[in-house]
Amino acid sequence: MELYIHHAASPTVRKVLMTMAQLDLKPTLRPVDWTHGGAQKPEYLKLNPGGKFPTLVDKGFVLWESNAILVYLAEKTVRLMPTDIHGRADVLRWLFWEAAHFGPAALNLTNATMSRKHFAPEEALAQLTKAFRHEAGLLDDHLHKRQFILDKTLTIADFALASNLIYARQAGLPMTDLHSLSGWLARMSALPAWQDTEPK
Ligand SMILES: N[C@@H](CCC(=O)N[C@@H](CS)C(=O)NCC(=O)O)C(=O)O
């Protein structure tokens with residue numbers, strides 16, 4: 001399998017790298033020179049018309065959107081995702097929620113705090129903090145007395161959600177009082193799949 005990436009430090013790229021590591025899949029990495037417009041070159045746009053990362057190519061089958069890639073990998077290996085209808089729906093629910101709600105809330109606040117380019121005035125920062133606290137509170141409640149998102153079983157939903165918190169400490173995301181969420185993040189970041197994909 002080939003994985004087109006621009007930067008191993010990107011949350012969506014890391015999401016797929018961590019999942020592949022957990023599945024013992026070793027993709028051939030195809031770095032694209034993003035800073036010099038590589039993502040907008042016709043040959044990359046042919047693979048990913050949005051010019052985003054990552055993109056997976058598996059024997060000619062091209063797939064973009066990180067959560068679709070996660071589902072594909074889980075179904076291909078029959079791991080990290082239940083096969084019963086309710087278990088599958090449960091995982092899909094968290095993947096959609098991650099893409100629509102948790103991911104944007106966590107990454108918008110992370111970008112606003114960490115990057116000067118995304119520097120946000122105090123009022124905007126307060127809004128972003130409120131939005132993050134809302135979504136993070138929901139996740140914290142869900143994780144109460146659960147080990148992982150589906151409780152005892154680690155699934156792709158855990159990797160999808162946790163990838164948004166890879167800079168939680170550096171960005172000072174307000175979540176130290178959310179004990180269930182913090183405990184789950186500590187469990188996730190102790191996994192070899194997390195540690196081994198840490199950007200150098
Ligand atoms: N919904 C997409 C988001 C992809 C995305 O926005 N990737 C970012 C990296 S975090 C990217 O490609 N940024 C480079 C750019 O927009 O030029 C997914 O989950 O794959």
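Coordinates for the structure precede this section.
Summary of the structure given here.

Conventions adopted
- Residues numbered from 1 in each chain as written.
- Predicted model: local features only at pLDDT ≥ 70, side-chain atom pairs only at ≥ 80, totals over all residues.
- Heavy atoms only, no water.
- Near = heavy atom within 4 Å.
- Polar contact = N/O pair within 3.5 Å; in protein donor to acceptor, adjacent residues only side chain to side chain.
- Areas by Shrake-Rupley, 256 points an atom, 1.4 Å probe, with all protein chains shown as cover.
- 1 Å grid on protein atoms, 1.4 Å probe; cavity = no way out; pocket = protein on both sides within 12 Å on 5 of 7 lines; lining within 4 Å.
- Sits in = over half its atoms within 2 Å of the grid points.
- Nonpolar A, V, L, I, M, F, W, Y, C, P; charged D, E, K, R; others polar.
- Phe/Tyr/Trp six-rings, centres within 6.5 Å; stacked < 30°, edge-to-face > 60°.
- Helix = DSSP H or I, 4+ residues; strand = E, 2+ residues; numbered from the N terminus.
- Buried < 20%, exposed > 50% of the residue type's maximum accessible area, 1.4 Å probe, protein only.
- Lys NZ or Arg CZ within 6 Å of the ring centre and 35° of its normal.
- Contact = heavy atoms within 4.5 Å.
- Points joined across faces, edges and corners; volume = space filled by probe spheres on them.
- Domains from an automatic or database assignment.
- Core = buried A, V, L, I, M, F, W, Y, C linked by side-chain atoms within 4.5 Å.

**Looking at the site of the ligand**
Next, step 1: The local shell around the ligand consists of H6, S10, T12, W34, K52, F53, E65 and S66.
Next, step 2: Within the side chain of W34, a nitrogen or oxygen atom sits 2.8 Å from an oxygen atom of the ligand.
Next, step 3: One of the backbone N or O atoms of F53 is found 2.8 Å from an oxygen atom in the ligand.
Next, step 4: Taken by itself the ligand offers 510 Å² of open surface, and the protein chains cover 70% of this.
Next, step 5: Taken atom by atom, the bulk of the ligand overlaps the largest pocket.
Next, step 6: Counted by class, the shell around the ligand contains 2 nonpolar, 4 polar and 2 charged residues.

**Topic: the packing of aromatic side chains**
Next, step 1: If you walk through the whole model with that rule in mind, you get 6 aromatic pairs.
Next, step 2: Between F102 and F132 the ring centres are 6.3 Å apart and the planes differ by 40°, which places this aromatic pair in the tilted class. Here F102 is found in helix 4 (residues 85-114), whereas its partner F132 is found in helix 5 (residues 122-143), with 30 residues between them in sequence. For the pair shown, F102 and F132 are each scored as buried.
Next, step 3: Grouping aromatic residues by their ring pairs yields a cluster made of W94, W97, F102 and F132.
Next, step 4: Directly above the aromatic system of W194 lies the positively charged group of R14, at a separation of 5.2 Å from the ring centroid.

**Digging into unusual backbone geometry**
Excluding glycine, a negative phi dihedral is what most residues carry, and trans is how most peptide bonds are arranged.
Next, step 1: Following F53, the chain continues to P54 via a peptide bond in cis, the omega torsion being 0°.
Next, step 2: Counting through the fold element by element, P54 comes out in the loop between helix 2 (42-47) and strand 3 (55-58).
Next, step 3: One non-glycine residue, V78, adopts positive backbone phi at about 55°.
Next, step 4: As for its position among the elements, V78 is in the loop between helix 3 (66-77) and helix 4.
Next, step 5: For V78, a relative accessible area of 58% puts it in the exposed group.
Next, step 6: Here the phi dihedral of K145 falls at roughly 65°; this positive angle occurs in a residue that is not glycine.

**Let's talk about the side chain of T155**
Next, step 1: Relative to the assigned elements, T155 resides in the loop between helix 5 and helix 6 (156-162).
Next, step 2: If sequence neighbours within four positions are ignored, T155 has contacts with L80, P82, V91 and L150.

**Quick word on the layout of surface pockets**
Next, step 1: When its volume is computed, the largest pocket comes out at roughly 1200 Å³.
Next, step 2: Lining the largest pocket are 33 residues; nearest its centre among them are H6, S10, P11, T12 and L107.
Next, step 3: For the lining of the largest pocket, the secondary structure elements donating two or more residues are helix 1 (11-22), helix 3 and helix 4.
Next, step 4: Residues that form the lining of the largest pocket fall into these classes: 11 nonpolar, 17 polar and 5 charged.
Next, step 5: Counting contributing residues per domain, the lining of the largest pocket is built from domain 1 (2-77) and domain 2 (85-191), each supplying no fewer than three.
Next, step 6: Roughly 400 Å³ of volume is contained in the second largest pocket.
Next, step 7: What lines the second largest pocket is a set of 18 residues, among which L165, A168, R169, Q170 and L185 lie closest to the centre.
Next, step 8: Residue assignment for the lining of the second largest pocket shows that the elements contributing at least two residues are helix 7 (168-171) and helix 8 (179-189).

**Details of the nonpolar core**
Next, step 1: Among the nonpolar cores identified, the biggest contains 59 residues, and L139, L165 and W184 are the most heavily contacted of them.
Next, step 2: Looking at this core element by element, the count peaks at 7 residues for helix 4.
Next, step 3: Here this core spans two domains, and each of domain 1 (2-77) and domain 2 (85-191) adds at least three residues to it.

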